[in-house]
Amino acid sequence: MAIALVLQAQSPSAAPCHDHEKDFLARVSDLPGYPDGIVLRKNRVYVAGPALGVDAGGAPSEIAVFHEKTGKPLETIPIQGEDVAAPHALTGLTVDGNGRLYAVSSQLGVLRLSEKKHGMWQQSVYAGPFPDLPSCDPVNPVDLCSPNPYELPPMPSDIALAKDGYAYVTDAAQATIYRIPPGGGTPEIWLRSAKLAGYYDLQGARGILVSADGKSLYVTVAFSAGAAWEGRIYKIRRVVAPSEDDITLVHVFSNFEAPAGLGLGEDGALFVALSITNEIAVVKPTGGELGRFSAATNEEVPLDGPAHVAFDGKGGLYVTNQAIGSGVLDHFAVVEVDVKDRGHKNPQPKLP
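Read on for an overview of the structure. (Residues numbered from 1 in each chain as written. Predicted model: local features only at pLDDT ≥ 70, side-chain atom pairs only at ≥ 80, totals over all residues. Heavy atoms only, no water.)

Things to note about the state of the cysteines
Counted according to the given criterion, the structure contains one disulfide. Note that C136 is cross-linked by a disulfide to C145, the S-S spacing being 2.0 Å. Taking the sign of the torsion about the S-S bond as the criterion, the disulfide between C136 and C145, at about 90°, is right-handed. Taking relative accessible area as the criterion, C136 reaches 34% and is therefore assigned partly exposed. (Disulfide = S-S within 2.5 Å. Buried < 20%, exposed > 50% of the residue type's maximum accessible area, 1.4 Å probe, protein only.)

A closer look at the sheet that holds strand β8 (residues 109–115)
Strands sit in the order β6-β7-β8-β9 across an open sheet of four strands; the sheet is antiparallel. Because the sheet does not close on itself, it has two edges, and the strands there are β6 (90–95) and β9 (121–127). Taken over all neighbouring pairs, the strand axes of this sheet differ in orientation by 25° on average, direction set aside. Relative to strand β7 (residues 101–105), β6 is paired through four bridges, and the arrangement is antiparallel. Paired with V95 across the two strands is L101, which belongs to β7. (Pairing = 2+ DSSP bridges. Helix = DSSP H or I, 4+ residues; strand = E, 2+ residues; numbered from the N terminus. Axes fitted to C-alpha atoms, helices over the stretch in contact; angles between N-to-C directions.)

What to know about the pattern of salt bridges
Pairing is possible between side chains of opposite charge, provided their charged atoms come close. One pass over the structure, following the stated rule, counts 13 salt bridges. Between K195 and E244 there is a salt bridge, with its nearest N and O atoms 3.5 Å apart. Of the two residues, K195 is situated in the loop between β13 (188–192) and β14 (205–210) and E244 in the loop between β16 (231–237) and β17 (247–253); the sequence distance between them amounts to 49 residues. Residue K195 is classed as partly exposed on the basis of its relative accessible area of 31%. (Salt bridge = Lys/Arg side-chain N within 4 Å of Asp/Glu carboxyl O.)

Focus on the environment of R100
Mapped onto the secondary structure, R100 falls in the loop between β6 and β7. Judged by relative accessible area, R100 falls into the buried class, the value being 16%. Contacts of R100, omitting those with residues within four sequence positions, involve T94, V95, R112, L113, S114, L351 and P352. Polar side-chain contacts of R100 include one of 2.5 Å to the backbone oxygen of L351. (Contact = heavy atoms within 4.5 Å. Polar contact = N/O pair within 3.5 Å; in protein donor to acceptor, adjacent residues only side chain to side chain.)

Observations regarding unusual backbone geometry
In this model, G49 is joined to P50 through a cis peptide bond whose omega is 10°. Within the fold, P50 resides in the loop between β3 (44–49) and β4 (62–67). For the bond running from G128 to P129, omega is 0°, close enough to zero to count as cis. A positive phi is found at Y200, a non-glycine position, where the angle reads about 50°. Turning to its location among the elements, Y200 is positioned in the loop between β13 and β14. On the accessibility criterion, Y200 (45% relative accessible area) is partly exposed. Positive phi values are uncommon outside glycine, yet N278 reaches one of about 60°. With respect to the helices, strands and loops of the structure, N278 is situated in the loop between β19 (270–274) and β20 (279–283). Judged by its relative accessible area of 21%, N278 is partly exposed.

Examining the sheet that holds strand β22 (residues 306–311)
The strands that make up a sheet pair up through hydrogen bonds in the backbone, lying either parallel or antiparallel. Spatial strand order, β1-β24-β23-β22: four strands in an open sheet with antiparallel pairing. Looking at strand neighbours, the two that pair on one side only are β1 (25–27) and β22, the edges of this open sheet. Within this sheet the neighbouring strands show an average axis-to-axis angle of 25°, counted without direction. Relative to strand β23 (residues 316–321), β22 runs antiparallel, the two being bridged by four bridges. Across the sheet, residue F311 finds its bridge partner in β23, namely L317.

Overview of the pairing of strand β12 (residues 176–180)
A regular strand places its side chains so that they alternate between the two faces of the sheet. In terms of burial, β12 is largely enclosed, as five of its five residues are buried. In β12, alternate side chains face the same way, and those of T176, Y178 and I180 on one face and I177 and R179 on the other are all buried. Count of turn residues in the strand β11 (residues 167–171)/β12 antiparallel hairpin: four residues, of which A175 carries a positive phi of about 50°.

Focus: the packing of aromatic side chains
Evaluation of the coordinates by the stated rule reveals eight aromatic pairs. Between F130 and Y178 the ring centres are 5.1 Å apart and the planes differ by 50°, which places this aromatic pair in the tilted class. Here F130 is found in the loop between β9 and β10 (156–161), whereas its partner Y178 is found in strand β12, with 48 residues between them in sequence. The burial state of F130 is the same as that of Y178; both residues are buried. Taking 5.1 Å as the distance between ring centres and 70° as the angle between the ring planes, the aromatic pair formed by Y168 and W190 counts as edge-to-face. Of this pair, Y168 sits in strand β11 while W190 sits in strand β13, placing them 22 residues apart in sequence. Each member of the pair, Y168 as well as W190, is classed as buried. (Phe/Tyr/Trp six-rings, centres within 6.5 Å; stacked < 30°, edge-to-face > 60°.)

Shown next as C-alpha cells:
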C-alpha cells in the first residue's frame, strides 16, 4: 500500500526557463541499468549502478564513463568479485584528490578503483563489507545493533569524503552511518539513530554530503519511520562520537517525495533529488525551500526517478535517472538541469 501511495504523489511544479547552451544526455545500458551514484572529474562523468533493490538481470555492477562535453560513452568499468546470482548493487560514488574512485558495493563494501596506464583499472577493497546488524533490544542490549525495529539486511547507500580523509557511508535499512578512517579499513559505526530509520522496509538514510565548512554532514531520509509520507534532511555535527543532541532537523518534504542524493551549491544551498516527484529541490542550509526544477535541459529524456547529482561547474547539474516508477528503460540516463549554480568545491583529500 505504501508503494501505491508513493506513486500517487502530487505532480511536479511548472518547469523553469532554461537557457543553458549545453544539451547533455548520456544513456546508460539496460543491464545492469538503474544508474545511481555520479561524480565528475576533469572531462569525465562516472556513473555507478545498479541501484539497490532492483533486478540487474545477472549482469555485474559497473561504472560507466562518459565524455563530459558530449555524453559519448567512453568505457565501462565492470566490478569484479560479486555473486551476480544474488542481489547486488553499486550505489554511492566519490573521488579523492588523487583521482581514484570510491564506490559503495552492497556485497563487497567500499571499493577503490585506481586507473593505471593504457586505460586499465585496478580494483581493491577499501573498507567493508558492511555488517548485518540485529535490531537493538533494550532488554538484552548489545554493542553492535540497529535502532531500526525491523530486522533488515544492510543497504549501504551513499558515501561522502571529508577533507581530513574520513569517509562516511549511509545505510538505508539499518539507520546507521559508518565512518572509515583515512586509508581504509573496517567500517566503524559512527552514528545510530531511529531518526535515520525508514518506514518498515522502505529506505531511510540515503544521500550524504559534507557541509561547506566541513564541520557537519547533511543526510536525507527518504521515508521516515514515524511518518512514511515524510522525507527529511538532517544536519549532524561531525564530531568523534555524535549523540542525538548533535542531530538537527533541517527540512521536511511532506508528501511522498523521497529525497535522495544531495549537491552543495555555491552559497551552501542544498540541491536535493526528489525521486518520486521527479524534481530537484533547492533548500537553504538552515531549512526552507528556495525553489524547484522539474525539467531537463535536453527534452528528449525527462527527469525520471532522479537519484544523485553532480555539478558541472558551469551552471548545470548532472542527474542520474533511475526510472523505477515509470519503468521506461530508455530513461536510464544522465540528464542535465540548468540550475545556474556552479556548485561549492570542497577540496578532496589525497588518501594513503
